[in-house]
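What follows is the residue order along each chain.
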Amino acid sequence: EKGGYDYFMLKEIAEQPKAVADTLLGRIDANGSLTLDEVRIPAAVLREVDKVVVVACGTAYHAGMIAKLAIEHWTRIPCETELASEFRYRDPILDQRTLVIAISQSGETMDTLMALRHAREQGAKVLAVCNTNGSTIPRESDAVLYTHAGPEVAVASTKAFLTQLVACYLVALYLGQVRGTKWGDEVDVVVRELSDIAAAVDTVLETMEPVRELARSLAHKNTVLFLGRHVGYPVALEGALKLKELAYMHAEGFAAGELKHGPIALIEQDLPVVVVVPSPRGRSVLHGKIVSNIQEIRARGARTIVIAEEGDEAVVPYADHLIRIPATPTLLQPLVATVPLQVFACELATARGNEVDQPRNLAKSVTVE
Ligand code: F6R
């Protein structure tokens with residue numbers, strides 16, 4: 001049932017190109033427009049939406065952080081992303097014009113369910129992004145967009161995360177399309193770029209041996225830090241979460257701009273620091289700033305593990321280890337940048353003798369608050 005792999009997690013990492021492609025399947029028409037008729041929220045209602053709130057937990061929350069950036073960029077609707085477990089306890093401001101997106105692989109996460117119940121009580125419309133047909137969260141939502149990742153067995157979420165991203169990009173583009181924003185007119189361009197991503201993920205998977213080797217060489221370490229900016233920040237958080245839950249290591253993700261406000265004090269000789277570098281073509285300002293951050297931490301002794309786009313030469317002098325990913329549009333980079341971090345955590349867990357598919361103290365779906 002593990003299809004020749006030692007662990008479900010490895011199988012599920014390998015299935016990601018297909019999962020991504022399957023999540024796009026049937027949702028794009030011949031003109032490159034989106035057909036999300038399955039989201040049965042009338043276009044008239046979506047045109048009235050004046051605020052989007054994304055609620056989710058853990059890895060799904062990281063997908064939600066990236067969704068916020070895509071939604072605001074492509075639709076110009078204000079969007080906030082919040083931990084489902086915090087949401088209802090702060091009396092959030094919601095009404096009929098609020099669209100709440102609840103992201104959940106299992107569809108049974110109690111924190112997320114309670115958040116969406118609260119949102120609906122306040123009159124908000126709830127759209128579930130979910131991987132499990134007929135589960136509680138989509139049943140209690142106004143609408144659902146299913147991720148077509150197939151069953152995810154390993155406790156640590158991998159392919160579900162990538163498909164949550166794809167589904168959120170589709171929702172963002174669909175909102176743009178329905179509302180006729182600038183980006184709404186260019187949906188076909190972005191959709192084409194999205195369609196190329198499955199092949200890019202495949203490319204990443206084929207080049208993971210050095211990442212495994214690196215992970216094994218770090219098995220004795222106690223701490224790993226992760227840095228990123230913009231969409232790379234949630235990717236850094238996701239890399240750190242994977243390492244905590246699988247390798248039981250102390251791992252922290254930071255927004256690279258925050259380094260100087262405190263975390264840089266943590267840098268010491270030989271501390272491994274993974275840096276997710278934005279594309280030098282997209283937000284070139286951010287690229288330059290991250291390169292400076294890499295220089296700064298390396299000057300203080302950090303062992304830099306740099307994830308950078310193919311052809312980005314500026315990082316080469318400061319990277320103790322360089323992990324290449326294919327060039328993608330800025331907002332889509334998490335789909336490729338997360339994959340090496342999954343492989344890294346999985347291999348470190350194995351090297352430390354941990355149970356990869358069943359990490360201690362964790363359950364696949366968390367049905368208590
Ligand atoms: C991390 C992980 C968890 C889940 C979280 C939400 O690898 O698996 O953080 O992402 O518990 O679960 P769902 O998506 O089922 O609501």
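Basis of the calculations
Residues numbered from 1 in each chain as written. Predicted model: local features only at pLDDT ≥ 70, side-chain atom pairs only at ≥ 80, totals over all residues. Heavy atoms only, no water. Helix = DSSP H or I, 4+ residues; strand = E, 2+ residues; numbered from the N terminus. Rg over C-alpha atoms; globule rule 2.2 N^0.38 Å. Buried < 20%, exposed > 50% of the residue type's maximum accessible area, 1.4 Å probe, protein only. Contact = heavy atoms within 4.5 Å. Areas by Shrake-Rupley, 256 points an atom, 1.4 Å probe, with all protein chains shown as cover. Pairing = 2+ DSSP bridges. Axes fitted to C-alpha atoms, helices over the stretch in contact; angles between N-to-C directions. Near = heavy atom within 4 Å. Polar contact = N/O pair within 3.5 Å; in protein donor to acceptor, adjacent residues only side chain to side chain. Expected span 1.5 Å × (residues − 1). Arc of directions from axis to C-beta. Phe/Tyr/Trp six-rings, centres within 6.5 Å; stacked < 30°, edge-to-face > 60°. Lys NZ or Arg CZ within 6 Å of the ring centre and 35° of its normal. Salt bridge = Lys/Arg side-chain N within 4 Å of Asp/Glu carboxyl O. pLDDT = per-residue confidence, 0-100. Core = buried A, V, L, I, M, F, W, Y, C linked by side-chain atoms within 4.5 Å.

Topic: the overall build of the protein chain
- Across its full length, the protein chain carries 14 helices and ten strands.
- The C-alpha radius of gyration of the protein chain comes to 20 Å, within 12% of the 21 Å expected for a compact globule of 369 residues.
- Considered along the principal axes of its C-alpha atoms, the protein chain spans approximately 55 × 40 × 40 Å.
- In the protein chain, which comprises 369 residues, the proportion classed as buried is 57%.
- For the protein chain, the proportion of contacts with a sequence separation of at least 24, taken over those separated by at least 6, is 74%.
- Here the protein chain has roughly 14600 Å² of accessible surface; of this, 49% comes from carbon and sulfur atoms.

A word on the sheet that holds strand 7 (residues 250-255)
- Read from one edge of the open sheet, five strands run 7-6-8-9-10, paired in parallel fashion. Across the chains shown, the open sheet's two edge strands, defined by having one partner strand only, are strand 7 and strand 10 (321-325). Strand-to-strand twist of the sheet, defined as the mean angle between neighbouring strand axes without regard to direction, takes the value 20°.
- As paired strands, strand 6 (residues 223-228) and strand 7 are joined by six bridges and run parallel to one another. Its bridge partner lying in strand 7, leucine 225 is registered against glutamate 252.
- Of the strands in this sheet, strand 6, strand 8 (272-276), strand 9 (303-309) and strand 10 are in contact with helix 14 (residues 334-351), which crosses strand 10 at around 130°.

Quick notes on the site of the ligand
- Around the ligand, the structure places 13 residues, and the nearest of them are Ser104, Gln105, Ser106, Thr109 and Glu245.
- One of the backbone nitrogen or oxygen atoms of threonine 59 is found 3.2 Å away from an oxygen atom of the ligand.
- Taking threonine 109, its side chain carries an N or O atom lying 2.5 Å from an oxygen atom of the ligand.
- Relative to its unbound accessible surface of 410 Å², the ligand loses 89% to contact with the protein.
- Counting residues per element, the ones that place at least two in the shell around the ligand are helix 4 (58-75) and helix 12 (232-247).
- The biggest single contributor to the shell around the ligand is helix 4, with three residues.

Notes on helix 13 (residues 284-299)
- With 16 residues, helix 13 should cover 22 Å at 1.5 Å per step; its first-to-last C-alpha distance of 23 Å lies within 8% of that length.
- Within helix 13 the residues assigned to the buried category are Leu286, His287, Ile290, Val291, Asn293, Ile294 and Ile297. Looking straight down helix 13, one finds that the buried residues subtend no more than 155° of arc, so they occupy a single side. Residues Val285 and Ala299 are exposed on helix 13 and point more than 90 degrees away from its buried face.
- Of the surrounding secondary structure, the elements contacted by the buried residues of helix 13 are strand 6, strand 8 and strand 9.

So, the packing of aromatic side chains
- Counted under the stated rule, the structure contains one aromatic pair.
- Across the ring face of tyrosine 248, the terminal group of arginine 360 is positioned such that the distance to the ring centre comes to 3.9 Å.

Describing the pattern of salt bridges
- Counting across every chain of the model gives 22 salt bridges.
- Glutamate 309 is paired through a salt bridge with arginine 281; the nearest N and O atoms lie 2.8 Å apart. Remark: arginine 281 occurs in the loop between strand 8 and helix 13 and glutamate 309 occurs in strand 9; sequence separation between them is 28 residues.
- Salt bridges linked by common partners bring Glu209, Arg212, Arg216 and Glu347 together as one network.

Regarding the confidence of the model for the protein chain
- Per-residue confidence for the protein chain gives a mean pLDDT of 95; residues scoring 70 or more make up 99%.
- Across the assembled chains, the prediction reports ipTM 0.97 with pTM 0.97.

Structural notes on the nonpolar core
- If you look at the biggest cluster of nonpolar residues, it comprises 97 residues, and the most contacted ones within it are Val52, Phe226 and Leu243.
- It is helix 8 (residues 159-179) that provides the largest number of residues to this core, a total of 14 residues.
- Grouped together as the second largest cluster of nonpolar side chains are 19 residues, Phe254, Ile297, Ala308 and Ala319 included.

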